Amino acid sequence: MTQRAGTDDMTVEAGGDARVPYRPGGLTRAEVAERVARGEVNDVPVRSSRSAVDIVRGNVLTRFNAIIGVLWVIMLVVAPIQDSLFGFVIVANTGIGIIQELRAKKTLDGLAVIGEAKPTVRRDGGATEVSTSAIVLGDLIELGPGDKVVVDGVVAEADSLEVDESLLTGEADPVLKRAGDTLMSGSFVVAGGGAFTATKVGRAAYAAQLAEEASRFTLVHSELRSGISTILKYVTWMMIPTATALIISQLFVKDVNFKNSIARTVGGIVPMIPEGLVLLTSVAFAIGVIRLGRKQCLVQELPAIEGLARVDVVCLDKTGTLTEGGMDVKELRALNGSDEAYVKRVLGALGESDPRPNASLQAIIDAYPDSEDWRCTEALPFSSARKYSGAAFSEGDGQTSAWLLGAPDVLLPDGDPVLDRIESLNQQGLRVLLLARVSGELDDPETARKARASALVVLEQRLRPDAAGTLTYFADQNVDAKVISGDNAVSVGAVAAKLGLPGAEHTVDARRLPAEREQMAGALEDGVVFGRVTPRQKRDMVGALQSRGHTVAMTGDGVNDVLALKDADIGVSMGTGSEATRAVAQIVLLNNSFATLPSVVAEGRRVIGNITRVATLFLTKTVYSVLLAVLVVAFQVEYPFLPRHLTLLSTLTIGVPAFFLALAPNKERAKPHFVRRVMRYAIPAGLIAATATFGTYLLAGHHYSGPGALDAETSAATLTLFLVSIWVLAIIARPYTWWRIGLVAAMGLGFLLVLVVPWLQDFFALKLVGTTLPWAAVGIAAVGAALLEFAWRWVGRKFPA
């Protein structure tokens, strides 16, 4: 595209005929204001949350809310308010779900602003950081290692600029970019630097649509959510014929009061719907986001809470995860007769040659100041694929020289005696760089092979104080920790050993790993510490572990971690990590604390374990409701309950307990097959509850007669159903703690109050008549409880999770 921006100082080619104006100073303030007024601004959507309107719509406009809404209106017309209580409960539940998700939205949006990358743009001749959304068409944006290309553009300046476009093309090899080349949003810089002119912003940018869909606050694409959706789909299909048969049975077959028949028909349909399960899941996830937000943990994709709870292998990058970003020069050892003072001048010049130094080079800059009379004539930025950087200089006395600085075992041939001296340093956990003099083109691999060693730079890494405790936590939770680093394997192993990682002494040089996936997977399962890993290997290693059925989390903060973070089941980035790693990670630790990870794991386990637990309660109700309806149709009798009875039972045995149980602590590692694990208990529990209840109902039908017989029969059946349901709750609440016992006891006390307080008896139409049938109902419930205990144990042995 052609674009005018004040004066056309010069132009760069933009793929063919298109020419883009380029001025080294960037746009003026007036030009930026003009573009904002025209709407030529990078108005990308907020990445962490859906709108408040979408939240309300998603919680209110559900299939089951529609069914219950219709039934509620019918009951408000034909029955007392007591039989319409279920509608008010749904309104309250939906309101709670909306409020909690809005709170989660506020938390996420706030954290997203804190963790948002701020690209550097040139305006009015100076460099300034702006938010991504403040970039306008024609802005000149600076780039360095780790920076993400946030809008489409054309390269204006390039200094050995290498860009990884794998997130767009799938090709992992970096692409060398020169002035005039096109840059696509979604790619990121792996080496070098430069600047580019924005040619497409906002939704017009190549990756904007993908980012908008992938980054939105969502509750889908998780085993938990998809499992619940599967259950609800089957429930819906099961409800339709059962409810239809019940309606026909109650309205046309039984010769009773019309309004009473409608009330009992609705009473049979409403409890089939596990409506609270979806809402409770949403609330549990939302509260999880809020809790983690308080710990400065940004969950960019909500299912990540669940995913990390399922992780059984966590791959840790050493730098930035086990160690802090900074380093210190511990020692300088001259080699091959090199003059130490001269070597220090070389190192100072090398530090000055890179405008965006990494942690190792920054330590050298801090230790050795630059020699002002040296001029850099060529620079080779550090690349994690090469494992070295370099520069050529014109020295103050007219001499020229070229140098490489990087991994000794890459720059030196096998068997070189210098490597033996390095080994003892690596065993102490020290990082060692080799300074070598070369001749020839810096980016030619042959040049590196002919390097002449001049000095060893020994760096001391700073261990994270919280790393040891976190590794211990993972070991206690049966999560295997694998340290995967680009550094020397022995040095990485020594660092891991200092932190107490079991098996850290058995290190593996990744250059000797088999390329075939199955063999690599075997080596990865056996090993613990892996060094000299290339970015592509990191990605392959994640895939190899996944091929063995492992759920893999990957942590990292550098550009070389991006591909592995993207492919891992859960990517975790540090807040100070590169913009590219933060963009692809599902979880960003804004406080840069590795110790936050156990909190994320614990939160995920709490959510999944508790939802699995309470889902059994909800689905037990669905099973016994459907079976009761089938039995009523088969025996051609009046449905035993009014809506008020089942509202009372659902509140005391499911609704209130489920809320507390869903938010309780739970450290059990998440297990797969959610649907099977829930239904294996819900089906037998529902069958026992329905059979015991209907048996009491039929027995009461033979025992009672006269005008109040139906109410007496309903009361006896309600007593049996409550006792069996409270026993299901008592089983679900295990293992017991004081508050779980108190919860079950409080629910039992609540039902007892309804039975003994006169106005509550009238309100809920519950009054036990005589002593024979009530005690018979208790006896039947006791048999049902015994069967529940037997079934629970039998199912656990027969169908293990």
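Throughout what follows, the structure given in this document is the object of discussion. (Residues numbered from 1 in each chain as written. Predicted model: local features only at pLDDT ≥ 70, side-chain atom pairs only at ≥ 80, totals over all residues. Heavy atoms only, no water.)

Once that is clear, we can look at the pattern of salt bridges. Applying the stated criterion to the full structure yields 24 salt bridges. Residues D124 and R29 are paired through a salt bridge, measuring 3.8 Å at the closest nitrogen-oxygen approach. Taken together, the residues span a long stretch of sequence, with D124 in the loop between β3 (120-123) and β4 (126-129) and R29 in helix α1 (residues 29-37) at a distance of 95 residues. Assessed through its relative accessible area of 46%, D124 is described here as partly exposed. Taking relative accessible area as the criterion, R29 reaches 66% and is therefore assigned exposed. In this structure, R38 engages E34 in a salt bridge whose closest nitrogen and oxygen atoms are separated by 2.5 Å. Salt bridges sharing partners connect three or more residues here, namely D409, D509, R511, R512 and R532. (Salt bridge = Lys/Arg side-chain N within 4 Å of Asp/Glu carboxyl O. Helix = DSSP H or I, 4+ residues; strand = E, 2+ residues; numbered from the N terminus. Buried < 20%, exposed > 50% of the residue type's maximum accessible area, 1.4 Å probe, protein only.)

A few words now on the packing of aromatic side chains. Counted by the stated rule, this structure contains 11 aromatic pairs. Ring centres of Y639 and F641 lie 6.2 Å apart, and the angle between their planes is 75°; on these two criteria the pair is classed as edge-to-face. Of the aromatic side chains, those joined through ring pairs into one cluster are Y342, W374, F393 and W403. Positioned above the aromatic ring of Y234 is the side chain of K233, whose terminal nitrogen or guanidinium carbon lies 5.5 Å from the ring centre. (Phe/Tyr/Trp six-rings, centres within 6.5 Å; stacked < 30°, edge-to-face > 60°. Lys NZ or Arg CZ within 6 Å of the ring centre and 35° of its normal.)

Turning our eyes to something else, we now look at a nonpolar patch on the surface. A surface patch of nonpolar side chains, amounting to about 360 Å² of accessible area, comprises L749, L752, L753 and V756. Tracing the sequence through the fold places L752 in helix α26 (residues 738-756). (Patch = residues over 30% accessible without salt bridge, like charges linked within 9 Å, V, L, I, M, F, W, Y side chains within 5 Å. Areas by Shrake-Rupley, 256 points an atom, 1.4 Å probe, with all protein chains shown as cover.)

Let us look at unusual backbone geometry. The residue after R734, namely P735, is reached through a cis peptide bond having omega -5°. Here P735 is to be found in the loop between α25 (709-732) and α26. Its identity as a non-glycine residue notwithstanding, D124 has a phi of 55°, on the positive side. The phi dihedral of K387 is positive, around 75°, even though this residue is not glycine. Checked against the element boundaries, K387 lands in the loop between β13 (375-383) and β14 (388-394).

A word on helix α28 (residues 772-798). Between the first and last C-alpha of α28 there are 38 Å, a value that for 27 residues agrees with the 39 Å anticipated at 1.5 Å per step. By the burial criterion, the buried members of α28 are L773, P774, A777, A781, G784, A785, L788, E789, A791, W792 and V795. In the core, the buried residues of α28 are packed alongside α22 (597-635), α24 (674-703) and α25. (Expected span 1.5 Å × (residues − 1). Contact = heavy atoms within 4.5 Å.)

What follows concerns α25. In this model, α25 (24 residues) spans 35 Å end to end at C-alpha, consistent with the 34 Å of a helix rising 1.5 Å per residue. Most of α25 is tucked away, with 20 of its 24 residues classed as buried.

With respect to topology, eight strands assemble into an open sheet ordered β10-β23-β22-β21-β11-β18-β20-β19, the strand pairing being mixed. Only two strands of the sheet have a single neighbouring strand rather than two, namely β10 (297-299) and β19 (507-509). Each neighbouring strand pair of the sheet contributes to a mean axis angle of 20°, computed without reference to strand direction. Note that β19 and strand β20 (residues 529-531) share three bridges and pair parallel. Counterpart to T507 in the pairing with β20 is V529. (Pairing = 2+ DSSP bridges. Axes fitted to C-alpha atoms, helices over the stretch in contact; angles between N-to-C directions.)

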